[in-house]
Amino acid sequence: MARSPSCADYEAGLRAGLASVSVRLSDIEHASAEYDPTTKRVTIDAFSVALLDGLIHELFHHCHYHRLASWGAGEEPVTEALEDMVVRYINRSQRRSRWWRRAIKAKLSEDV
């Protein structure tokens, strides 16, 4: 029987997924964060959502689309629960928090 993914497993997958998306800050009228699969861009309204939380949430949509889509209407609550779990996991470690802070800063400074 296969084991369920741990927070460390999810975080490692999201780190890998971050490499394949661009990240931008912008005012979004209809959402606090969104992922566009056609451009592989995550856009976050940092005024209405914490940057790390919004990015982790949208990376789950990017990295685990097929798994989450199988939940149908329950996709958002499942994504929010996973986001909360992984963000708490990241914030419990200075090393992990530092990695994400540096990675986000680098992503935001990339030219698109």
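Numbering of residues starts from 1 in every chain and runs along the sequence as written. Totals for whole chains, interfaces and linings use all residues, but because this is a predicted model, local features are given only for residues with pLDDT of at least 70 and pairs of side-chain atoms are given and counted only at 80 or more. Only hydrogens and water are set aside when side-chain values are computed; all heavy atoms of the structure are taken into account.

Asker: Sorry if this is basic, but what is going on with the pattern of salt bridges here?
Answerer: It is possible for side chains bearing opposite charge to pair when their charged atoms get close. What counts as a salt bridge is simple: a side-chain nitrogen of Lys or Arg found within 4 Å of a carboxyl oxygen of Asp or Glu. Applying the stated criterion across every chain yields a total of 3 salt bridges. Between Glu11 and Arg15 there is a salt bridge; the shortest N-O distance is 3.0 Å. On the criterion of helical spacing, the pair formed by Glu11 and Arg15 is a turn pair, its members being 4 residues apart in helix α1 (residues 7-18). Only protein chains enter the accessibility calculation, which uses a 1.4 Å probe; a residue whose area is less than 20% of its type maximum is buried, one above 50% is exposed, and one in between is partly exposed. Note on Glu11: relative accessible area 5%, which makes it buried. Two residues, Lys107 and Glu110, come together in a salt bridge whose shortest N-O distance is 3.6 Å. Overall, Lys107 belongs to the buried group, its relative accessible area being 9%. Residue Glu110 is classed as partly exposed on the basis of its relative accessible area, which comes to 37%. Put simply, DSSP marks the helices as runs of H or I at least four residues long and the strands as runs of E at least two long, and each gets a number from the N terminus on.

Asker: What's the story with the packing of aromatic side chains in this structure? I'm lost.
Answerer: Ring geometry is summarised as follows: Phe, Tyr and Trp rings, the Trp one being its six-membered ring, pair when their centres sit within 6.5 Å, and such pairs are stacked at plane angles under 30 degrees, edge-to-face over 60 and tilted between the two. Here the structure, examined in full by the defined rule, presents 2 aromatic pairs. On the numbers, 5.0 Å between centres and 75 degrees between planes, the contact of Trp99 with Trp100 is edge-to-face. We classify Trp100 as buried; its relative accessible area is 1%. By the criterion adopted, a ring carries a charge over it if an Arg CZ or a Lys NZ lies within 6 Å of its centre and within 35 degrees of its normal. In this structure, Arg15 is placed above the aromatic ring of Trp99, and the distance from its NZ or CZ to the ring centre is 4.0 Å.

Asker: I tried to follow helix α5 (residues 94-109) on my own but got confused; where do I start?
Answerer: For an α-helix, 3.6 residues make a turn, and residues three or four places apart therefore share a direction. For α5, built from 16 residues, the straight-helix expectation of 22 Å at 1.5 Å per residue is met to within 8% by its first-to-last C-alpha distance of 22 Å. Of all the residues in α5, the buried ones are Arg96, Trp100, Ala103, Ile104 and Lys107. Buried positions in α5, seen along its axis, are confined to an arc of 100 degrees and lie on one side of it. When the buried face of α5 is taken as reference, the exposed residues oriented beyond 90 degrees from it are Gln94, Arg95, Arg101, Arg102, Lys105 and Ser109. Contacts: residue pairs with any heavy atoms within 4.5 Å of one another. Its buried side turned inward, α5 meets α1, β1 (22-25), α2 (51-63) and α4 (75-91). Helix span is expected to be 1.5 Å times the residue number reduced by one. This arc describes the spread of directions from the helix axis toward the C-beta atoms.

Asker: I'm lost on the packing of α4 against α5 in this one. Help?
Answerer: The axes of two packed helices give the description: the angle between them and the distance between them. Contact pair α4 / α5: the axes reach a minimum separation of 6 Å and the direction vectors enclose 110 degrees. Overall, the two elements α4 and α5 adopt an arrangement that is roughly perpendicular. When α4 is examined against α5, the residues Tyr89, Ile90 and Asn91 are found in contact with a partner set consisting of Arg96, Ser97 and Trp100. Class assignment for the residues of the contact of α4 with α5 results in 3 nonpolar, 2 polar and 1 charged. With axes taken as lines fitted to C-alpha atoms, and helix axes fitted only over the stretch in contact, angles between N-to-C directions fall between 0 and 180 degrees. Angle categories: roughly parallel below 35 degrees, roughly antiparallel above 145, roughly perpendicular from 65 to 115, and oblique for all the rest. Basically, the charged four are Asp, Glu, Lys and Arg, the nonpolar ten are Ala, Val, Leu, Ile, Met, Phe, Trp, Tyr, Cys and Pro, and anything else, Gly included, counts as polar.

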